[in-house]
Amino acid sequence: MSAAVAPGPAPQVSQPKHPLHAMTTYELCAYRSQIESAIAFFDARHPVPLVRDGLQARLDDVMAEQESRKRIADA
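Treat the numbers as computed from the prediction; the structure is a model and nothing was measured. (Residues numbered from 1 in each chain as written. Predicted model: local features only at pLDDT ≥ 70, side-chain atom pairs only at ≥ 80, totals over all residues. Heavy atoms only, no water.)

**Describing the environment of Ala10**
Point 1. Within the secondary structure layout, Ala10 lies in the segment before α1 (25–43).
Point 2. When the C-alpha positions of Ala10 and Phe41 are compared, they lie 6.5 Å apart, and in sequence the two are 31 residues distant. (Helix = DSSP H or I, 4+ residues; strand = E, 2+ residues; numbered from the N terminus.)

**Section: the packing of aromatic side chains**
Point 1. Scanning all chains against the criterion turns up one aromatic pair.
Point 2. Residue placement shows Arg45 over the ring face of Phe41; its charged tip is 3.7 Å from the ring centre. (Phe/Tyr/Trp six-rings, centres within 6.5 Å; stacked < 30°, edge-to-face > 60°. Lys NZ or Arg CZ within 6 Å of the ring centre and 35° of its normal.)

**A word on the packing of α1 against helix α2 (residues 51–74)**
Point 1. Interaxial distance between α1 and α2 falls to 9 Å at its minimum, and their mutual angle equals 150°. As summarised for this structure, α1 and α2 are arranged roughly antiparallel, according to the angle between their axes. Along this stretch, α1 crosses α2, giving a crossing that reads as left-handed. Mapping the contact onto sequence places Thr25, Leu28, Cys29, Tyr31, Arg32, Ile35, Glu36, Ala38, Ile39, Phe42 and Asp43 in α1 and Val51, Arg52, Leu55, Gln56, Arg58, Leu59, Val62, Met63, Glu65, Gln66 and Arg69 in α2. (Axes fitted to C-alpha atoms, helices over the stretch in contact; angles between N-to-C directions. Parallel < 35°, antiparallel > 145°, perpendicular 65-115°, else oblique. Left-handed = near helix turned anticlockwise from the far one by under 90°. Contact = heavy atoms within 4.5 Å.)

**What about the pattern of salt bridges?**
Point 1. The final tally for this structure, using the stated rule, is four salt bridges.
Point 2. A salt bridge links Arg69 to Glu65; the shortest N-O distance between them is 3.0 Å. In this pair, Arg69 and Glu65 both sit in helix α2, four residues apart, roughly one turn of the helix.
Point 3. You can call Glu65 buried: its relative accessible area is 17%. (Salt bridge = Lys/Arg side-chain N within 4 Å of Asp/Glu carboxyl O. Buried < 20%, exposed > 50% of the residue type's maximum accessible area, 1.4 Å probe, protein only.)

Written out as structure tokens, the structure is:
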């Protein structure tokens, strides 16, 4: 992802109202977008804040859920 990151406060990544497996596809995509925006913001900082690692772990979980859904849909 090579999107330009605007200066200013960090993007907010709100906790989802439901566990990942209970989120709609739309909610999951929106949550992933929030996380990716926040990661891009923190990647542009030097040094990169430690909070970025937690965001990456959340993104990994979202991507795993999306991949699981794709495998089920393709079966």
